[in-house]
Structures are given as C-alpha cells and as structure tokens.
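Residues per chain, in single letters:
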Amino acid sequence: MPDAVTPPPSPLDRAYAHLARHGHRWVLAGMTLLLAVVYRGVFRGELGGDDLGFHLAETARLSDCLRALDFDLWNPSANAGFASAYYYQVIPQLVPAALTALTGGHLLFWFQLSVFLPLVLVPAAGYRAMRVLGASAGAAVAGGGAIAMCISSSRWGHGADGTFSVGLYTQTWAFAAFPLALAYGVRWLEAGTRLGAAVGWGLFVGLCHPFAGIALGLALGVGVAVRLALTAVPWPPAAQLTTWVPWLAADELAARPRTLRSIGRLLALGALLLIGSASAWLTVVIDYDGFGGFPRRVADEVGPGLGGLWDWMTDGVVLDAARPMVLTGLLPVVLVFARARYLVWLWSAALLYTTLLAIGPHLVTPDDLFPAVRFLGPLQIVLAMAIGAGAITVGAAAWRAAERWRYPLVIRTVLAGLAVALSILAIVPGARAQAGRVHVGADLAWVHRDEVLTIAAALAAEGGTGRKQGRAGTENQWANLMPYTYGRTPALLQMGGAGLQSSPNYVYLWEERDPTRTAWIFDGPYVMFSRDKASTIPAGDTVIETEHLAVRRLPTPGLVSAVTLGPVLPAGRFAARKEAIAWVKSAAAIAGEARPYAGGPPPLPAAADGRSTGELQRAWRQPSPGDAPDIVALVTASAPTTFVVRESWHPRWRAFVDGAPATVRRVTPDFPAVDVPAGTHTISLRFDRPWWAWASWLLIPLAIATGALVSRRRAR
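Rules used throughout
Residues numbered from 1 in each chain as written. Predicted model: local features only at pLDDT ≥ 70, side-chain atom pairs only at ≥ 80, totals over all residues. Heavy atoms only, no water. pLDDT = per-residue confidence, 0-100. Contact = heavy atoms within 4.5 Å. Buried < 20%, exposed > 50% of the residue type's maximum accessible area, 1.4 Å probe, protein only. Helix = DSSP H or I, 4+ residues; strand = E, 2+ residues; numbered from the N terminus. Arc of directions from axis to C-beta. Axes fitted to C-alpha atoms, helices over the stretch in contact; angles between N-to-C directions. Parallel < 35°, antiparallel > 145°, perpendicular 65-115°, else oblique. Left-handed = near helix turned anticlockwise from the far one by under 90°. Nonpolar A, V, L, I, M, F, W, Y, C, P; charged D, E, K, R; others polar. Phe/Tyr/Trp six-rings, centres within 6.5 Å; stacked < 30°, edge-to-face > 60°. Lys NZ or Arg CZ within 6 Å of the ring centre and 35° of its normal. Patch = residues over 30% accessible without salt bridge, like charges linked within 9 Å, V, L, I, M, F, W, Y side chains within 5 Å. Areas by Shrake-Rupley, 256 points an atom, 1.4 Å probe, with all protein chains shown as cover. Salt bridge = Lys/Arg side-chain N within 4 Å of Asp/Glu carboxyl O. Pairing = 2+ DSSP bridges. Lys, Arg positive; Asp, Glu negative; His and termini not counted. Charge placed at Lys NZ, Arg CZ, Asp CG, Glu CD.

Comments concerning the confidence of the model for the protein
- Averaged over the protein, the pLDDT score is 87; the fraction of residues at 70 or greater is 90%.
- Taken together, the stretch residues 253-257 has pLDDT below 50 and engages in seven contacts with residues farther than four places along the chain or on a different chain.

Structure follows, in structure tokens:
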C-alpha cells in the first residue's frame, strides 16, 4: 500500500503553532504599545513634577554649553548657581541636551521623548532581565508587565509614581534599566559570564541615579550572602528545606564551592563598578568643600518606618494603588508556592529593601546623604518581577497538575479565566491611573502658561544679571523655571536634582524668605507674583503686568559689589554654616558687610569710616568656551577693596584682575570674593573644571571593556 499522505496543517493549526512560538513577543509588543498610549500625554507641553521643570532648565543650559563648546558646565539656573555634572551625573539630561545642540532646536520635544521612552520600555527591559535570570518566556513577559503595572501611591515610587509628582526624572532612567543590571549581575555571579554586560548596565544605572546604583550593589551583595548562608550553615536535609522554602532549588544546598567563587566574582564586579563610576564620586571626594550636602530634604524622604511600611503593604500602597490589590494578593501565593531558582535573588533583595525602609528614620546624617525612602522603587521592582514571574510558574504547575484530576478541562478553564481576570484587574485600572498622572502646565488654568512665556520674554529683554523670585501664587515649577528655560533668567530658589539641591547656597535661601532681603543678598531683584496677591509683595518698580501675573523690581547692589569683611567664621563645616545662617538674618547682610570663611587670606584694612570704598560700573555673564571667563565686572575703588560676586562659591573658581590671576576669597553666605587695588579694574571669574574630572569618564568604557575581556577569556 502507498504511504499515507499527511494532510497539511490547517490555518488554525498554524495559528496555534505560531502563537506557541511567538505569543510572548506579541504580548510584549502589546504591552509596549499600551504604555505608549498611556504616556502619550507627555508630548502635550511642559511636564508636571517639580523636578522636571528643573531638569528641563538644566537641559537648556547644557545645550547652550555644548553649542559654545563650553565643557566646564557652570549652571546659573537657580540657587545662585552650581556645577552641572560635577557632584551628580547628568546622563539623562545630556542626551536631550546633545540632541538639541545637534539639531538646533526642539528642546522640549527631545526632553519629552527622554521622559517618555524609559516609561514605555520597562516591559521589554523586564522581559529581557527575566530571561537572563532563567525564567521561561511566559514568566519573563509577566515579570516585565508586572513592573510596568506596579503602582504605588507614594511620590517616591518607580515609574509614573515619582516621575509626575516629584519629577524623579533621573530615577526613571535608572529604574528602567535596573532589572537588566540586576539580571546580568546575577548571571556573572552564578555562571561567571557576561561580566561586560553586568558592568555596563550597572554603571548606567548608577550614573543615572547614584541611589539606584547603591540599591543594585546591595541586592547583589545580600544575594551572595544568603546563598552562602544556605550552603555554609548545617540546615535540615535538602528535601525538607526545599519543602519549607519552595523557591530554593534543591541543588543550591550542594553548591558551596560555587557560592564561594561568587564572593570573588562579587568583589571583581564591585571593583569594576567602583572604577567605572569614578566620574560620579571622585569630584565629591576631592572637592567636598563645594558640596552643600542635603540640609533641607522633605520630611518623608527618611522612609515610612516599620509601622508605616506595614500599613503601606497591607493597604496596597506599595504595589496596587488606585485598583484592586492584585499584586499584593498574589504576593503570599507566590512566596509559598512558586519554585524558581532565580527567586532567591529577588526575595533576598526585597527583604533588605524592606529592612532599610523600616529603619530609615534612624539613618539620618548631618548632610542627609541616605534618604531611605529611595529604596521604595527598587522594592517595587524586585517584588513585581517575583510576583509576575512566580504567578506564571504557579499557574503552570497547577495546569500540569490538572491532568491528575477527574475534570482537567474544567480546572484549566477556571485557571485560564482567573489569569485573564487578574490581568484585566491589574492592567485596565493601572493604565488608567498612570495616564491620569501625566499632566502638563497647559492643563492647569492657574499656571497661566502663555503669560509666563510673555514674562520670560520681558525679563530676557531686561538684559541684566538679576535672578527672579517666585512669590505669592507663583511658587510652582512652571512660573519659576520657564523664564530660565525660554529666556535664561535664573530662578532664585528651586528644589530639584541633587546637583541643584546640594548647591552651597540652598540652605541659606531656605532660611531667609523675606523678598526684600533675598533680593539684596542674592541679587534677586525680580519678584514674580499673582496680581490678586499684590498687597503681600514689597513696593518696587513694575517690570511687566499681564492679566493674572506681574513682576516688580526691588533694590539690589547687583551681581558684584564692594563689601567690608567682618569676623572670620569658625572652622568646621557645620559650625561655619550655623554662623552663616545667623549672618543671613542679621543687619550686616544688607549693610555691605560679609564674613570670610576660615583658611583664607587676611582681610584688607577697613576704611576709616568702616564703609566699602568701591563701586560697580557694570557686570555681565557670557558664554565661556575655552578659557573665556563666565562672569566679568568693571569696578572702581578709591582704596584696596574686596568685591563679592553673588554666585555660589566653588573651589574651582579662578579669578583674575585685569587679566592677572587673583586670590579667591570665600565669604557669606557662600560666595567668591576678590580683592582689587585702588583704581578702575576688570574682575573676571572662570569656573575651571579640572581635566581629570572629564578624564575620569574614560574609565566607563575601560571598565566595560575589561569586564567583557575577562568574560571572553573565561569562555575560552
């Protein structure tokens, strides 16, 4: 008989086969498209989230510097100025700034795109990370999707939680890549491969946001410690222990030699990450005197404490805000029943982050460098990865177990229905909540965006160096920073990214809030306010009025003025700060007297009547490519005189009098000052970033290449 001919597969059979091979890719593409729709509102205008206004302004400044080939990157946008990319990496801002400089425009679009992409690419990053960890395709898709739909009601959370409330833009970039950095780190520690990828993604995370880098290092370290404890301590027999701890693989208990090797791998990875991130910490260590620390963090940055964290978890605040507690409900199920080797890394990291959030209120330091609430985002990420992937492994096990029951089809139908219902409950309300968090200035009538732009143009036309104060109804990021973004008029006070918030004068601007005094002390003559609150603003010259807003000009001695020097401040960072705060509130601060910091040259002899003997003729700022100065002033003195420059002091300022190098004093509140002899002179200041600060960036590709080379040699 002739052989039977196998009929060709039907279209339905082919569709099933395609879905089995590529279904996870379609689901991943669908989630990415859904998030693109959810976050499409990003492109409607200047984004909400206080820090986003600052980051947009910094992007504008960086773009100006790149166009002028000014790689010193001094930023006058707020808080009397600070050094961009000096104490805080600015990779997320440098990308849109470089694109703006190259294209000659589109500042807002490139910035919006740089906010949009990390939010949309989270499922893809999570999927890839879970695959690297060893998860199945279905579990990887679920893990990545769970990260994207893990929503807290805290403004310090990952993704939309922090992006559109506080404006944690650099954190958004870091946390989008956090799963990849964790996964490749685990791959290196377990298998001794992909060290280059572990270093590259780890550096990306840490250089976008240093706290995310700290969280990554802690996760890998505690993971190694837990695995070492599991193999070094005489636990019960393997079968019994893996029954108690389902996510622990049975062969884990026989892996002590490999676990010991992972300690050496952890040290190697840590060394390469430390070397590669030198551009982030080397300048802090060497020039710490110019780093203001974080003396005025908001109260909830310390973390919730033990009781608060328990309430957060049980109320769904961490995982399931604004919807049924899907992920929170699945957490104990996955913790008890899920079996996957990679879960030991995720649970151990989650336990550590939970501990740090619980003890956060007890970790405050004088410079407040350890705000524990920043571990909330990493906690959300590792829990979401574990819950999403673990739920699939539990479901798959139940699906296979249905074969042993009398009615497997009924059981599987129930399981499929439950999976669909949970997915809908997680995704639909979650997507709606995230879309609702996207808002722009044009959405809010009280912002008066068009009027703010009119004021920005008017202040730019003034052509002066004075800063703008936001008062009486204009204390928002749009009114405060759009005049700089679009007109380059600096704001007086602004919270924001760490480089700005750790600027030396931030603490003094918080301590003195009287607009007349701050105008005089910090050269902030322009006071912007709502016209219906005009009676609360000191009298002054009207610069511009619109329908709802107005700007007045208050008296100020200018960017540069002559001063007499009072008693030297006490030595020591915090002792000097205490005395400087007292000076800011004193009559001396507006009477032409400043107090020098300890360690500087002796004061000039005072005039017979005790008054300053110099006058400012003109002062201006200018782009500073190469060796050109940032600030220039023409002054006249009848006797040797000290002139203060109302810009934040930094150890890298270089001063010149008539082109000759001059000594830079440091005076209250935290400004540079220069002595000049009698006569008419030109004072110039240049912020001179040392060559090694930029050279340290070369350690980034060097560390990555070293890691890749080590992995390749091990493979051979």
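So, helix H14 (residues 305-314)
- Within the sequence span of H14, burial applies to Gly 305, Leu 309 and Met 313. Buried residues along H14 cover an arc of 105° about the axis, so they all sit on one side.
- In the stretch just after H14, Gly 316 is the one whose phi turns positive, near 80°.

So, the packing of helix H2 (residues 50-67) against helix H3 (residues 91-103)
- Here H2 crosses H3 at 50°, and the two axes come no closer than 8 Å. On the basis of their axis angle, the class for H2 and H3 is oblique. Of the two possible hands of crossing, H2 and H3 adopt the one that is right-handed. Residues His 55, Glu 58, Thr 59, Leu 62, Ser 63, Leu 66 and Arg 67 of H2 lie in contact with H3, whose contacting residues are Gln 93, Leu 94, Pro 96, Ala 97, Ala 98, Thr 100 and Ala 101.
- Grouping the amino acids of the contact of H2 with H3 by side-chain chemistry returns seven nonpolar, five polar and two charged.

Thoughts on the packing of aromatic side chains
- Under the criterion given, the structure shown has 20 aromatic pairs.
- Centre to centre, the rings of Trp 446 and Trp 478 are 6.1 Å apart; their planes meet at 75°, and the pair counts as edge-to-face. Here the residue Trp 446 occupies a position in the loop between helix H18 (408-437) and helix H19 (449-462), and Trp 478 occupies one in helix H20 (residues 477-487), the gap between them amounting to 32 residues.
- Grouping aromatic residues by their ring pairs yields a cluster made of Phe 111, Tyr 169, Trp 173, Trp 201 and Phe 204.
- Note that Arg 488 overlies the ring of Tyr 484, its terminal NZ or CZ placed 5.8 Å from the centroid.
- Directly above the ring of Tyr 597 sits Arg 666, whose terminal nitrogen or CZ lies 4.3 Å from the centroid.

Looking at a nonpolar patch on the surface
- A cluster of nonpolar side chains, namely Leu 274, Trp 281, Val 285 and Ile 286, defines an oily patch on the protein surface of about 380 Å² accessible area.
- With respect to the element layout, Trp 281 can be found in helix H13 (residues 278-286).
- Judged by relative accessible area, which is 32%, Trp 281 ranks as partly exposed.

What about the sheet that holds strand S13 (residues 660-662)?
- Taken in spatial order, the five strands line up as S9-S10-S16-S12-S13 in an open sheet, and their pairing is antiparallel. In this open sheet, the two edge strands, each paired with only one partner strand, are strand S9 (614-621) and S13. Geometrically, the sheet is characterised by an average inter-axis angle of 30° between neighbouring strands, direction not taken into account.
- The pairing of strand S12 (residues 653-657) with strand S16 (residues 679-687) spans five bridges and is antiparallel. Bridge assignment links Phe 656 to a residue of S16, and that residue is Ser 684.

A word on the pattern of salt bridges
- Applying the stated criterion to the full structure yields 19 salt bridges.
- Close ionic contact of Asp 443 with Arg 44 constitutes a salt bridge, the shortest N to O distance being 2.6 Å. With Asp 443 in the loop between H18 and H19 and Arg 44 in the loop between helix H1 (11-38) and H2, this residue pair connects regions lying 399 residues apart in the sequence.
- The class for Arg 44 is partly exposed, based on a relative accessible area of 44%.
- For Glu 579, the salt bridge goes to Arg 595, with nearest N and O atoms at 3.0 Å. Note that Glu 579 is positioned in helix H24 (residues 573-584) and Arg 595 in the loop between strand S8 (593-594) and S9, a separation of 16 residues in sequence.
- Its relative accessible area of 14% is what places Arg 595 among the buried residues.

Focus on the environment of Ala 660
- Tracing the chain through its elements places Ala 660 in strand S13.
- Residue classification places Ala 660 among the partly exposed positions, given a relative accessible area of 39%.
- Remark: the alpha-carbon pair of Ala 660 and Ser 684, spanning 24 residues in sequence, is separated by 9.6 Å.

Considering a positive patch on the surface
- Together, Arg 25, Arg 128, Arg 131 and Arg 194 make up a positively charged patch on the protein surface.
- Looking at where Arg 128 falls in the secondary structure, it is placed in helix H5 (residues 122-133).
- Looking at Arg 128, the relative accessible area reads 39%, which means it is partly exposed.

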